[in-house]
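# Examination of the molecular architecture
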Amino acid sequence: MAVTAETIRSTSSDPLIIAGTAYASRLLVGTGKYKDMNETRRAIEASGAQIVTVAIRRTNIGQNPNEPSLLEVLPPSQYTYLPNTAGCYNAEDAVRTCRLARELLDGHALVKLEVLGSEKTLYPDIPQTLKAAEILIKDGFKVMVYTNDDPVVAKRFADMGCVAVMPLAAPIGSGLGIRNPYNIRFIVEEATVPILVDAGVGTASDAAVAMELGCDGVLMNTAIAAAQNPVLMAQAMRKAVQAGREAYLAGRMPRKQYGTPSSPLGGTFF
Amino acid sequence: MKIILNGQERSVEAPLTIAGLLQGMGLGERRVAVEVNREIIPRSQHGAYELKDNDRVEVVFAIGGGGMSRGTGGNTWQ
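Below is a summary of the structure that appears in this document. (Residues numbered from 1 in each chain as written. Chains lettered and ligands numbered in written order. Predicted model: local features only at pLDDT ≥ 70, side-chain atom pairs only at ≥ 80, totals over all residues. Heavy atoms only, no water.)

Within chain A, the regular secondary structure consists of 10 helices and 10 strands. The C-alpha atoms of chain A give 20 Å as radius of gyration, which agrees with the globular expectation for 270 residues (18 Å, within 12%). In terms of overall dimensions, chain A has a C-alpha envelope of 80 × 45 × 35 Å along the principal axes. Restricting the contact set of chain A to residue pairs at least 6 apart, pairs at least 24 apart contribute 66%. Summed over all atoms, the accessible surface of chain A reaches about 13,000 Å², with 52% contributed by carbon and sulfur. If the 26 positive side-chain charges of chain A are averaged to one point and the 26 negative ones to another, these points end up 3 Å apart. (Helix = DSSP H or I, 4+ residues; strand = E, 2+ residues; numbered from the N terminus. Rg over C-alpha atoms; globule rule 2.2 N^0.38 Å. Contact = heavy atoms within 4.5 Å. Areas by Shrake-Rupley, 256 points an atom, 1.4 Å probe, with all protein chains shown as cover. Lys, Arg positive; Asp, Glu negative; His and termini not counted. Charge placed at Lys NZ, Arg CZ, Asp CG, Glu CD.)

Below, the structure is given as C-alpha cells:
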C-alpha cells in the first residue's frame, strides 16, 4: 500500500511537545501498583512511554531491600521522570514535594501537580491546586496539572503558565472511562497548551476515545497495573493511543441517522 | 543527641553529618533528597552539614507511583 510510507512519516513527525521538548509517545504511564520491579519494567517498555510518573516518599516506606530501586530499573537517562504530588491535600505539601523532587533529580523542573480534595472520590481541590501552581511556576517549575473536567478551570491553568493541563476522565483508579466527552472536547477546543486525559481510563477503547476527542496524550497507571496481564495491556494501550491519534488526524466521517449504501446503486442485474 | 528521622525519634552520636547519617542508613550509594527542619539541604552540602539536637530530618527518594490510589476492597461499581 502506497499510503503506508506516508502514514509512517506523518505519525513520526507528529510528536507531543511539552515545554519545548518533543516526545514520540503520547502515552504517559505511572509506575505504581505493579507486582514487582520486573513487571514494572516490562509493562513500561511495552507501553512505549517516554514520560513516567514517580512518587516521592520516605526511604523507609515501600522499599523491598532485595529489589533494585526504581532509578535503576527505569534509568533517568532513558525516561523522562515526572515526579508527582500524589497524596497531597494542600498546596504547601505539594510545593514541598516538588522541591524535594527537584533536589532528588538534580534540578529537574517538570512536575505533575495533583492536590486532592476528597479521599473518597480523589477529586482535585481546585483552589489549592491553583495556589500551588502559582508558587511552583514562579519558582521555575514546569507544571503539568491534574484537574477536573471543567473547561473554565482548565483554561485558567493554561493562562497562568502551566505547560500541560490534564483533566480527569473519571475518578483516579476507577477505570470508568470518559464520563463526560463533551467537557473534554470543550477543553481541547480552547486549548493553548497540551491537554492530556489523566485518570479514569479503564481499557484500551477509553484511551482511543480520549485521543479521538483531540487530546494530545493520555496518562494512566491503574488501567495497566491492575489488568490481569499488565504487560499485554500496556501494549494494547500503546496501540490504542496511536490508533486514536491517527483517527483524530484522519478526521472521522460524519454521523448519519440512517444507512447509506457503500456499493453503487446503478448497474444491478437483479 | 536525638533527631527525628522520617518521623521517628532516633538517638545518634554527635557530631553527625548528613553524609554520615545516610551512610549509617545504608543509603550512601542511593540517590536521595534530604530536608532538615523543612529546609532542603543540597547534596553538595551533605558532607559538611552537621545535625543538631532535635533536628527533624526527612530522607526521601523516588518510588513507583501514578495517581493517589488505595486498595480496591469493597470499592466496585456494577
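Here the narrative resumes, following the displayed structure.
The subject of this paragraph is the overall build of chain B. On a plain count of helices and strands, chain B comes out with one helix and five strands. Within chain B, buried positions represent 37% of all 78 residues. Counting only contacts in chain B whose residues sit at least 6 apart along the sequence, the fraction spanning at least 24 positions is 56%. Entry remark: accessible area of chain B is about 4,600 Å², with carbon and sulfur atoms responsible for 45%. (Buried < 20%, exposed > 50% of the residue type's maximum accessible area, 1.4 Å probe, protein only.)

With that settled, consider the pairing of strand 10 (residues 217-220) of chain A. All names here are of chain A. Burial along strand 10 is two-sided: Gly217 and Leu219 facing one way and Val218 and Met220 facing the other are all buried. Pairing of strand 3 (residues 27-30) with strand 10, which is carried by three bridges, proceeds in the parallel orientation. Considered in strand 10, the bridge of Leu27 is made with Val218. As judged from the three bridges shared by strand 9 (residues 196-198) and strand 10, these two strands associate in the parallel manner. (Pairing = 2+ DSSP bridges.)

Turning our eyes to something else, we now look at the interface of chain A and chain B. One frequent convention defines the size of an interface as the accessible area lost when the parts assemble. Taken residue by residue, the interface counts 41 residues in chain A and 31 residues in chain B. With both chains or domains summed, chain A and chain B bury close to 3,100 Å², and 54% of this area falls on carbon and sulfur atoms. Joining chain A to chain B, the criterion identifies five salt bridges. Its salt-bridge partner being B:Arg31, residue A:Asp106 comes within 3.0 Å of it at the nearest N-O pair. Counting every contact that joins chain A to chain B gives 15 residue pairs in polar contact (both at pLDDT 80 or more). Sorting the residues of the side of chain A that touches chain B by element identifies strand 4 (51-58), helix 3 (70-73) and helix 4 (91-104) of chain A as the ones contributing at least two each. (Buried area = accessible area lost by both parts, 1.4 Å probe. Salt bridge = Lys/Arg side-chain N within 4 Å of Asp/Glu carboxyl O. Polar contact = N/O pair within 3.5 Å; in protein donor to acceptor, adjacent residues only side chain to side chain.)

Moving on, we get to unusual backbone geometry. The phi torsion of most residues other than glycine is negative, and most of the peptide bonds are trans. Residue and element names in this part refer to chain B. Going from Ala14 to Pro15, the amide bond is cis rather than trans, its omega being -5 degrees. Relative to the elements of secondary structure, Pro15 occurs in the loop between strand 2 (8-11) and helix 1 (18-24). With a phi close to 70 degrees, Asn54 is a non-glycine residue in the positive phi region.

Our next topic: the packing of aromatic side chains. All names here are of chain A. Across all of its chains, the model carries one aromatic pair over all chains by this definition. Where Phe269 meets Phe270, the ring centres are 5.2 Å apart and the plane angle is 75 degrees; that geometry is what we call edge-to-face. Judged by relative accessible area, Phe269 falls into the exposed class, the value being 77%. Overall, the relative accessible area of 78% leaves Phe270 in the exposed class. (Phe/Tyr/Trp six-rings, centres within 6.5 Å; stacked < 30°, edge-to-face > 60°.)

In this section: the pattern of salt bridges. Taken as a whole, this structure holds 17 salt bridges over all chains when the rule is applied. In this structure, A:Glu114 engages A:Lys112 in a salt bridge whose closest nitrogen and oxygen atoms are separated by 3.0 Å. In this pair, the class of A:Glu114 matches that of A:Lys112, namely buried. As a salt-bridge pair, B:Glu9 and B:Lys2 come within 3.9 Å of each other at their nearest N and O atoms. What you see here is one network of salt bridges that share partners, running through A:Asp14, A:Arg26 and A:Arg245.

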